[in-house]
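This is what each chain is made of:
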Amino acid sequence: MATNGLDEVPAAVYRGIFLAVVFYFVLLLYGQVAAEPLATYAAEFVFGVIAIGVGTVLFLQREATRASRATVGAAACLVAGGVLQLTFLFTRVPSLDQASSLVVFAGIGLYIYAVWIVD
């Protein structure tokens, strides 16, 4: 059975990413329900950090996968999307927020392609 580079990532990293995603959704939900702008702002920050973190993990594991181009593309999109999100937080330019979401979705799509189609 072939393994990919993601099999070599420690379980603690996966748990950290999972907890960050749960924290993001809790902040987002609280911010929307309570109309608390600080919670929404924090959720946007966590979104950017998650994207950069997952992109970094993919980039560091790229050499161990057969789908290195798609994995590197996914990593680049996720990191770029995270940077765009953090830039949006400081500039509040709406197009940066939209671009961030689109680039992160492209990164997720490339990751799905790398894992399910190529492997």
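Heads up: the structure comes first, above all this text.
Since the structure is predicted, the reported quantities are computational estimates derived from the model, not experimental observations. (Residues numbered from 1 in each chain as written. Predicted model: local features only at pLDDT ≥ 70, side-chain atom pairs only at ≥ 80, totals over all residues. Heavy atoms only, no water.)

1. Focus on the overall build of the chain
Part 1 of the argument: Counting its secondary structure elements, the chain contains four helices and zero strands.
Part 2 of the argument: Helices (α) and strands (β) of the chain occur, in sequence order from the N terminus, as α-α-α-α.
Part 3 of the argument: Here the chain, with 119 residues, has 32% of them falling under the buried criterion.
Part 4 of the argument: Considering only residue pairs separated by 6 or more positions, the chain has 62% of its internal contacts joining residues 24 or more positions apart.
Part 5 of the argument: In the structure as shown, the chain presents an accessible area of about 7,300 Å², 72% of it carried by carbon and sulfur atoms. (Helix = DSSP H or I, 4+ residues; strand = E, 2+ residues; numbered from the N terminus. Buried < 20%, exposed > 50% of the residue type's maximum accessible area, 1.4 Å probe, protein only. Contact = heavy atoms within 4.5 Å. Areas by Shrake-Rupley, 256 points an atom, 1.4 Å probe, with all protein chains shown as cover.)

2. So, the side chain of Ser100
Part 1 of the argument: Relative to the helices and strands, Ser100 resides in helix α4 (residues 94–118).
Part 2 of the argument: Under the relative-accessibility criterion, Ser100 is labelled buried at 0%.
Part 3 of the argument: Only 3.2 Å separates the side chain of Ser100 from the side chain of Gln85, close enough to count as a polar contact.
Part 4 of the argument: Each residue touching Ser100, except ones within four places of it in the same chain, is listed here: Phe47, Gly81, Leu84 and Gln85. (Polar contact = N/O pair within 3.5 Å; in protein donor to acceptor, adjacent residues only side chain to side chain.)

3. Some remarks on the layout of surface pockets
Part 1 of the argument: Here the largest pocket defines a volume of roughly 650 Å³.
Part 2 of the argument: Lining the largest pocket are 25 residues, and of these Ile50, Val54, Leu78, Val104 and Ile108 sit closest to its centre.
Part 3 of the argument: Of all elements in the fold, only α1 (11–33), α2 (37–60), α3 (68–91) and α4 reach the threshold of two or more residues within the lining of the largest pocket.
Part 4 of the argument: The biggest single contributor to the lining of the largest pocket is α4, with nine residues.
Part 5 of the argument: Taken together, the residues of the lining of the largest pocket break down into 21 nonpolar, two polar and two charged. (1 Å grid on protein atoms, 1.4 Å probe; cavity = no way out; pocket = protein on both sides within 12 Å on 5 of 7 lines; lining within 4 Å. Points joined across faces, edges and corners; volume = space filled by probe spheres on them. Nonpolar A, V, L, I, M, F, W, Y, C, P; charged D, E, K, R; others polar.)

4. Observations concerning the packing of aromatic side chains
Part 1 of the argument: For the structure on display, the rule yields two aromatic pairs.
Part 2 of the argument: Relative to Phe25, the ring of Tyr24 has its centre 5.0 Å away and its plane inclined at 65°; by these criteria the two rings are edge-to-face.
Part 3 of the argument: Relative to Phe47, the ring of Tyr24 has its centre 5.7 Å away and its plane inclined at 40°; by these criteria the two rings are tilted. Taken together, the residues Tyr24 in helix α1 and Phe47 in helix α2 connect sequence positions 23 residues apart.
Part 4 of the argument: Of the residues examined, Tyr24 reaches a relative accessible area of 15% and is grouped as buried.
Part 5 of the argument: Members of the aromatic cluster, joined through ring pairs, are Tyr24, Phe25 and Phe47. (Phe/Tyr/Trp six-rings, centres within 6.5 Å; stacked < 30°, edge-to-face > 60°.)

5. Details of α3
Part 1 of the argument: Counted at 1.5 Å a residue, the expected span for α3 with its 24 residues is 34 Å, and the 34 Å between its end C-alpha atoms agrees.
Part 2 of the argument: For α3, every residue scored as buried is listed here: Ala70, Thr71, Ala74, Ala75, Cys77, Leu78, Gly81, Gly82, Gln85, Leu86, Phe88 and Leu89.
Part 3 of the argument: The first or second residue beyond α3 is Arg92, which carries a positive phi of 60°. (Expected span 1.5 Å × (residues − 1).)

6. Observations regarding the environment of Val104
Part 1 of the argument: Here Val104 shows up in helix α4.
Part 2 of the argument: Owing to a relative accessible area of 6%, Val104 belongs among the buried residues under this scheme.
Part 3 of the argument: C-alpha separation for the pair Val104 and Gly55, spaced 49 residues apart in sequence, amounts to 9.5 Å.
Part 4 of the argument: When neighbours within four sequence positions are excluded, Val104 is seen to be in contact with Phe47, Ala51, Cys77, Leu78, Gly81 and Gly82.

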